Amino acid sequence: MAVLFAVSGNRHYQFPNLAAVMAKANEEKSGDALAGIAAADAQERLAAKQVLADVRLRRFVDEPVLPPEADELSRAFLSEVDQDLFRRLADWSVGELREHLLADAPADLAALRPALLPELAAAVAKLMSNLDLMLAAKRLPVVVKGRTTLGLSGHLATRLQPNHPRDGVDGMTASILEGLSYGCGDAVIGVNPVDDRVEVVERLADGIEQIRTRLNVPTQSCILAHVTTQMEALRRGAPLDLLFQSVGGTAAANRAFGISLALLDEANALLAERGRLDAATRWYFETGQGSELSSGAHHGVDQLTLEARCYGVARRYRPLLVNTVVGFIGPEYLYDSKQVLRAGIEDHFMGKLLGVPMGVDVCHTNHMAADQNDLESLAVLLAAAGCNYFMAVPMGDDCMLNYQTTSYHDAAALRELLGLRPAPEFAAWLEERGLLHDGALTAAAGDARRLMP
Amino acid sequence: MTAFERLRRATPARLDVGRAGSRPRTATLLDFRRAHAAACDAVWSEWPDAFLAHLERLGFLVVSSAAPDRRTYILNPPLGRRLAPGEADRIRTASAVAQDTFTPTLSQRAREKKGAPPPGVQLVLSDGLSAMAGARHCDAVVPRLLDGLRTLAHAAVPVAVRNGRVAIGDEIARRAGAALVVHLIGERPGLATADSLGCYLTYAPGPSTTDADRKCISNIHAAGLNPNEAAASIAGVARRILDAQTSGTALVL
């Protein structure tokens with residue numbers, strides 16, 4: 001295994017292996033520094049980027065960043081690469097891949113997805129500027145269809161997130177009705193339960209189902225409990241449209257989440273047998289840079305590369321929804337607004353390149369050096385880059401998870417600012433209800449009383 | 001009350017706030033920003049000198065974690081779980097002096113009669129992610145809690161930690177030779193409250209202790225568990241733990 005070198009000015013740099021180059025080529029992230037694998041300074045970071053730009057894509061197959069002997073995800077990813085297709089790009093350098101992504105016809109690029117290892121998405125992201133990442137993502141839309149069609153150009157959807165600190169159905173219902181009245185909920189109505197028991201999942205699912213059927217809302221429902229709890233609820237006949245699970249980028253991180261590929265395969269088989277949504281895409285996954293390090297499961301690999309591997313897991317199951325929860329894990333992984341902003345557009349790009357229908361939970365916690373202004377700025381960048389969906393929470397203040405994300409008002413304002421519309425089926429429903437006219441909210445919008453029985 | 005009002009009152013979510021075009025009303029926006037400002041200030045706040053002097057008057061030994069400042073503390077959680085160099089010796093010395101003047105309580109004598117070792121209990125107060133929480137609720141919680149703990153076991157010299165995280169209590173208890181650590185620590189501020197205190201109780205703490213080995217009483221603040229009543233709740237849990245000789249998942253409270 002060859003050592004990698006770079007010469008920059010009168011300084012010489014040496015990297016022992018590909019994993020070290022990948023880690024040091026990252027834009028600055030507190031999580032990589034905490035793991036002790038970040039570049040020592042800005043010049044070493046650039047030297048690593050220079051080395052990476054000349055690495056041939058085949059090297060990522062020949063010299064896996066995380067060896068297949070050590071990790072079941074690596075085994076799955078390597079076995080799933082379309083070898084015939086990969087031979088066509090194996091001799092490209094990572095630098096050349098960047099230029100192809102920015103210049104080639106989008107249809108040709110989309111056709112390359114089955115040849116792309118997740119690590120390649122991370123590698124090329126490390127060479128790209130923020131605007132590169134936005135433009136390349138915009139050129140690679142991922143359109144999926146449940147009861148609504150998501151990811152179409154010119155549209156922006158939202159996950160209505162009506163969380164309640166005691167899993168109360170009345171409080172959840174109030175949040176759902178008001179969210180719908182602001183035009184939110186076209187990606188999914190998805191609630192995080194406090195209490196991970198089957199009867200709670202059933203109660204919340206029934207609560208959403210009652211609203212969805214009474215008002216005939218074209219959307220999906222999801223209860224974000226552990227996947228095993230949802231499986232049991234599904235077996236007992238609960239009205240669940242999607243299965244949800246948080247995923248990590250290593251087998252060890254997934255063990256900390258209480259899952260494995262075998263368990264996801266089993267859940268997928270159950271969904272095929274018992275799922276009620278008439279669509280090919282019936283999964284929802286959440287990810288976020290730093291989760292592997294937080295569970296001591298990063299194997300010395302940088303957090304951007306591990307995040308790309310999360311999308312590698314997600315795409316095996318043809319999801320309807322995937323989002324990074326970009327500012328949630330804490331300032332020890334993404335310290336401030338600059339790091340969160342970068343991570344948000346990196347994650348969105350990597351997901352789209354790998355064929356995953358990416359949304360983003362644009363968010364922050366109160367111990368991070370970021371505020372609502374930073375969050376709004378990132379949401380504008382992502383909406384411009386074609387992000388499939390954002391979260392929608394009353395005033396952006398999640399009263400159960402205790403963090404801040406995008407609000408009902410933010411969703412409406414982003415659509416107004418950038419001329420984006422809700423998912424077509426959902427927009428038609430809003431028009432029918434008198435809440436939307438010619439793509440703009442009507443005077444009646446924002447008042448949940450209009451949606452009461 | 002309308003049917004919607006009834007639903008709305010069932011949740012603390014910021015609902016029914018109206019709009020100015022697609023944006024929030026001015027008062028709503030400023031109210032939200034005010035809550036966030038309080039939370040941010042709480043995260044970066046430190047105990048003032050007057051409070052440190054007050055802690056010493058209450059009998060606390062004040063020590064520092066290995067995180068030298070707030071920024072390092074936020075960026076490097078492992079440092080907040082370890083004592084700064086030299087602090088372990090100060091804790092050992094303080095505990096040894098206190099042992100000399102220690103008179104066993106009745107329950108302690110009863111335990112010794114049964115052949116059990118004296119179960120020392122260590123109270124720790126850390127700033128955590130909200131120094132304001134400890135400073136604000138100290139007087140309501142700490143004196144009552146110390147009284148309560150002293151009826152259960154020998155109480156080691158209480159220790160206050162600057163830039164501390166939950167697990168630092170484990171090392172402090174080991175240095176003091178205590179079987180149970182009762183750790184009050186400022187919780188990560190939410191928008192609803194910036195001065196919430198949590199309490200982690202850990203029996204036989206050691207290097208391999210995980211969060212599953214702890215019991216936690218959270219949300220100690222004016223709108224949550226009343227700080228004036230918190231000491232009794234915590235002492236009650238401490239009693240259960242000492243009786244069961246575990247604070248792990250085997251003990252269901």
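Residues numbered from 1 in each chain as written. Chains lettered and ligands numbered in written order. Predicted model: local features only at pLDDT ≥ 70, side-chain atom pairs only at ≥ 80, totals over all residues. Heavy atoms only, no water.

**Q** Got a minute to help me understand the overall build of chain B in this structure?
**A** Broken down by element type, chain B carries ten helices and six strands. A buried classification covers 53% of the 253 residues belonging to chain B. Restricting the contact set of chain B to residue pairs at least 6 apart, pairs at least 24 apart contribute 70%. In the structure as shown, chain B presents an accessible area of about 11500 Å², 53% of it carried by carbon and sulfur atoms. Once the 32 positive and 23 negative side-chain charges of chain B are each reduced to a mean point, those two points are 5 Å apart. (Helix = DSSP H or I, 4+ residues; strand = E, 2+ residues; numbered from the N terminus. Buried < 20%, exposed > 50% of the residue type's maximum accessible area, 1.4 Å probe, protein only. Contact = heavy atoms within 4.5 Å. Areas by Shrake-Rupley, 256 points an atom, 1.4 Å probe, with all protein chains shown as cover. Lys, Arg positive; Asp, Glu negative; His and termini not counted. Charge placed at Lys NZ, Arg CZ, Asp CG, Glu CD.)

**Q** How should the sheet that holds strand 9 (residues 283-287) of chain A be read in this particular structure?
**A** Residue and element names in this part refer to chain A. If you trace the four strands from one edge of the open sheet to the other, you get 8-9-10-11, paired in parallel fashion. Edge positions in the sheet fall to strand 8 (243-246) and strand 11 (358-361), since each of these pairs with one other strand and no more. Strand-to-strand twist of the sheet, defined as the mean angle between neighbouring strand axes without regard to direction, takes the value 20 degrees. Bridge count for strand 9 against strand 10 (residues 321-325) is four bridges, and the pairing is parallel. Each bridged residue has a counterpart across the sheet, and for Thr287 the counterpart in strand 10 is Thr324. The sheet strands contacting helix 15 (residues 261-274) are strand 8 and strand 9, and the helix crosses strand 9 at an angle near 150 degrees. (Pairing = 2+ DSSP bridges. Axes fitted to C-alpha atoms, helices over the stretch in contact; angles between N-to-C directions.)

**Q** Looking at this model, I keep getting lost on helix 15 of chain A. Mind explaining?
**A** Turn by turn, an α-helix covers 3.6 residues, leaving residues three or four places apart pointing in a common direction. All names here are of chain A. The terminal C-alpha atoms of helix 15 lie 20 Å apart, and with 14 residues this matches the ideal 20 Å at 1.5 Å per residue to within 8%. Of the residues making up helix 15, those classed as buried are Leu261, Leu263, Leu264, Ala267, Leu270 and Leu271. The inward-facing, buried residues of helix 15 contact helix 5 (72-80), helix 13 (227-235), strand 8, strand 9 and helix 17 (303-315). (Expected span 1.5 Å × (residues − 1).)

**Q** Which parts of the structure should I look at to understand the nonpolar core?
**A** In a soluble, globular protein the nonpolar side chains are often hidden away together inside. Within the largest apolar cluster, 159 residues are counted, with the highest numbers of intra-cluster contacts made by A:Phe60, A:Leu180 and A:Phe349. The element that contributes the greatest number of residues to this core is helix 12 (residues 198-215) of chain A, accounting for eight residues. Setting aside anything within four residues of it in sequence, one finds A:Phe60 in contact with A:Leu18, A:Met22, A:Leu52, A:Val55, A:Val65, A:Val94, A:Leu117, A:Glu119, A:Leu120 and A:Ala123. In this structure, B:Phe51, B:Ala140, B:Ala155 and B:Leu197 belong to the second largest nonpolar core, which totals 40 residues. (Core = buried A, V, L, I, M, F, W, Y, C linked by side-chain atoms within 4.5 Å.)

**Q** How should I be thinking about unusual backbone geometry in this particular structure?
**A** What you tend to see is this: most non-glycine residues have negative phi, and most peptide bonds are trans. All names here are of chain A. A positive phi angle is found at Asn216, which is not glycine, with a value near 55 degrees. In this fold, Asn216 is placed in the loop between helix 12 and strand 7 (221-223). The class of Asn216 is exposed, set by a relative accessible area of 59%. A positive phi angle is found at Met395, which is not glycine, with a value near 55 degrees. Relative to the helices and strands, Met395 resides in the loop between strand 12 (389-392) and strand 13 (397-398).

**Q** Could you clarify how one ought to interpret the pattern of salt bridges in this entry?
**A** Residues and elements named next belong to chain A. Taken as a whole and judged by the stated rule, the model has 46 salt bridges over all chains. For Glu44, the salt bridge is made with Lys24, and the minimal N-O distance between the two is 3.4 Å. Linking Glu44 in helix 3 (residues 42-54) with Lys24 in helix 1 (residues 18-24), this pair joins segments that are 20 residues apart in sequence. Summarising the burial analysis for this pair, Glu44 and Lys24 share the class buried. Of the charged contacts, one joins Glu346 and Arg342 as a salt bridge, the two residues approaching to 2.7 Å between their closest N and O atoms. With Glu346 and Arg342 both in helix 18 (residues 337-353) and four residues apart, this pair spans about one turn of that helix. Accessibility classification places Glu346 together with Arg342 in one group, the buried group. The network of salt bridges with shared partners includes Arg147, Glu209, Arg212, Asp241 and Arg276. (Salt bridge = Lys/Arg side-chain N within 4 Å of Asp/Glu carboxyl O.)

**Q** Hey, could you run me through the environment of A:Phe15 in this one?
**A** All names here are of chain A. Tracing the backbone through its elements, the reader meets Phe15 in strand 2 (residues 11-15). Here Phe15 falls in the buried class, since its relative accessible area comes to 0%. When the C-alpha positions of Phe15 and Gln303 are compared, they lie 18 Å apart, and in sequence the two are 288 residues distant. Dropping the residues within four chain positions of it, Phe15 is found in contact with Val3, Leu4, Val21, Lys24, Glu44, Ala47, Ala48 and Val51.

**Q** Would you take a moment to explain the pairing of strand 10 of chain A for this structure?
**A** The two faces of a sheet get side chains in turn, since along a regular strand they alternate between them. Residue and element names in this part refer to chain A. With five of five residues buried, strand 10 lies mostly within the body of the structure. Alternating residues of strand 10 divide into Leu321, Asn323 and Val325 and Val322 and Thr324, and every residue in both groups is buried. One crossover worth recording links strand 10 to the parallel strand 11 by way of helix 18, and it is right-handed. (Right-handed = clockwise from strand over helix to strand, strands pointing away.)

**Q** Explain the interface of chain B and chain A to me, please; I cannot follow it from the model alone.
**A** When the parts of a complex come together, some accessible area is lost, and that lost area is often taken as the interface size. Contacts between the two partners involve 38 residues from chain B, matched on the other side by 46 residues from chain A. Summed over both sides, the interface between chain B and chain A buries roughly 3500 Å², with carbon and sulfur atoms accounting for 61% of that surface. Among the residues of chain B in contact with chain A, B:Phe4, B:Arg19 and B:Arg188 are the three that bury the most area, contributing 18% of the side total. Linking chain B with chain A are six salt bridges, by the criterion used here. A salt bridge links A:Asp397 to B:Arg14; the shortest N-O distance between them is 2.6 Å. The interface formed by chain B and chain A holds 15 residue pairs in polar contact (both at pLDDT 80 or more) in total. Elements that contribute at least two residues to the side of chain B that touches chain A include exactly helix 1 (3-8), helix 2 (26-44), helix 4 (70-75) and helix 5 (77-80) of chain B. At nine residues, helix 2 of chain B tops the list of elements feeding residues into the side of chain B that touches chain A. (Buried area = accessible area lost by both parts, 1.4 Å probe. Polar contact = N/O pair within 3.5 Å; in protein donor to acceptor, adjacent residues only side chain to side chain.)

Geometry only, nothing functional implied.
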